[in-house]
Amino acid sequence: MPEQASPLAGARQRDFPASPLPGAQAKAPPLRLAGIVEDSIVDGPGLRLTIFTQGCPHDCPGCHNPETHPVNGGSLHSLDELEARYRENPLLAGVTFSGGEPFLQARPLAELAARIHALGGTVITYTGFVFEDLAARARKDAAVAALLDATDLLIDGPYIKALRSLDIAWRGSSNQRLLDRERRARLLCLISPEPDSV
Ligand code: SF4
């Protein structure tokens, strides 16, 4: 990425196709995945099932997973299969959606997240978008809203090679944020502040 450009500017300008609204189809479509790691210890707290989604529009310079970028690559996996794989290991603390860009497949991921929550697991979602842009998108895309709602911890922002750090947990570059539900709620207040009540 050119040094003079704001590292976030490109990602903010990129967009992705509208997701079908939840309920628009009787059954969520299968997920197109680049890979699955069944016992990750580096993608969030505890032992996690990490699902690498296929397809990414961000094109971050220095990306370690360029094979995940084509939207038609990878292979298709049903939600039933992924839930079954999660159930196979009682030691799992939850699932992590990585990529690729998970928000390209927001609807089936939101449904899978609901299944994991029902089993007592937590849900972490990585995204190359920044939360503020996703929150704006969620106002017109119910699938994006559903995946945000289903995410316990969002790790946001593109990978920026110049900000690469080995000293921060679960992230590749220091611009990326760990946004739990409370922190996201505070950011939403900053985006749309309540009128002062005097
Ligand atoms: S968002 Fe992730 S997968 Fe996509 S280009 Fe950036 S580093 Fe690579």
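Before reading on, note that the structure itself is shown above.
Scope of this entry: the structure provided in the associated data block. (Residues numbered from 1 in each chain as written. Predicted model: local features only at pLDDT ≥ 70, side-chain atom pairs only at ≥ 80, totals over all residues.)

Time to look at helix H3 (residues 106-118). Note that an α-helix has 3.6 residues per turn; residues three or four places apart therefore point the same way. With 13 residues, H3 extends 18 Å from end C-alpha to end C-alpha; this agrees with the ideal 18 Å at 1.5 Å per step. Against the buried residues of H3 lie strand S1 (31-40), helix H2 (79-87), strand S4 (94-98), strand S5 (122-126) and helix H5 (142-150). The first or second residue beyond H3 is Gly120, which carries a positive phi of 90 degrees. (Helix = DSSP H or I, 4+ residues; strand = E, 2+ residues; numbered from the N terminus. Expected span 1.5 Å × (residues − 1). Contact = placed C-beta atoms within 7 Å.)

Below, the discussion takes up the sheet that holds strand S3 (residues 75-77). By way of backbone hydrogen bonds, the strands of a sheet pair with one another, either parallel or antiparallel. Read across the sheet, 7 strands follow the order S3-S1-S2-S4-S5-S6-S7 without closing on themselves; strand pairing throughout is mixed. The sheet is open, and its two edges are formed by S3 and strand S7 (177-180), each paired on a single side. In this sheet, neighbouring strand axes are inclined to one another by 25 degrees on average, regardless of whether the strands run parallel or antiparallel. Its contacts with the sheet put H2 on S1, strand S2 (48-53), S3 and S4, and the angle it makes with S2 is roughly 155 degrees. (Pairing = 2+ DSSP bridges. Axes fitted to C-alpha atoms, helices over the stretch in contact; angles between N-to-C directions.)

Moving on, we get to the nonpolar core. Membership of the largest hydrophobic core comes to 35 residues, with the highest contact counts inside it found for Ala106, Leu109, Ala110, Ala113, Val144 and Leu147. Per-element tally for this core: the top contributor is H5, with 7 residues. (Core = buried A, V, L, I, M, F, W, Y, C linked by C-beta atoms within 7 Å. Buried ≥ 20, exposed ≤ 12 C-beta atoms within 10 Å, placed from the backbone.)

Moving on, we come to the site of the ligand. Near the ligand lie 13 residues; those nearest to it are Cys56, Cys60, Cys63, Gly128 and Tyr159. Among the residues forming the shell around the ligand, the class breakdown is 5 nonpolar, 6 polar and 2 charged. (Near = placed C-beta within 6 Å. Nonpolar A, V, L, I, M, F, W, Y, C, P; charged D, E, K, R; others polar.)

Moving on, we come to helix H4 (residues 131-138). Restricting attention to buried positions, one finds in H4 the residues Phe131, Leu134 and Arg137. Down the axis of H4, the buried side of the element spans an arc of 120 degrees, and every buried residue falls inside it. Its buried side turned inward, H4 meets H5, strand S6 (153-156), S7 and helix H6 (181-191). (Arc of directions from axis to C-beta.)

Another point: the packing of H4 against H5. Here H4 crosses H5 at 130 degrees, and the two axes come no closer than 7 Å. In terms of orientation, H4 and H5 fall into the oblique class. Seen from H4, the contacting residues are Leu134, Arg137 and Ala138; seen from H5, they are Val144, Ala145 and Leu148. The residue makeup of the contact of H4 with H5, split by class, is 5 nonpolar, no polar and 1 charged. (Parallel < 35°, antiparallel > 145°, perpendicular 65-115°, else oblique.)

Here the focus is the pairing of S1. Pairing of S1 with S3 involves 3 bridges; the strand directions are antiparallel. In the sheet register, Leu33 faces S3, and the bridge partner there is Ser75. Summarising the sheet, S1 and S2 pair through 5 bridges and their orientation is antiparallel. Across the sheet, the residue bridging to Ser40 is Arg48, located in S2.

With that out of the way, let us pick up the environment of Ala142. For Ala142, the location among the structural elements is in helix H5. Residue Ala142 is classed as partly exposed on the basis of its 19 C-beta neighbours within 10 Å. Each C-alpha atom, one on Ala142 and one on Ala106, is 9.1 Å from the other, the two residues being 36 residues apart in sequence.

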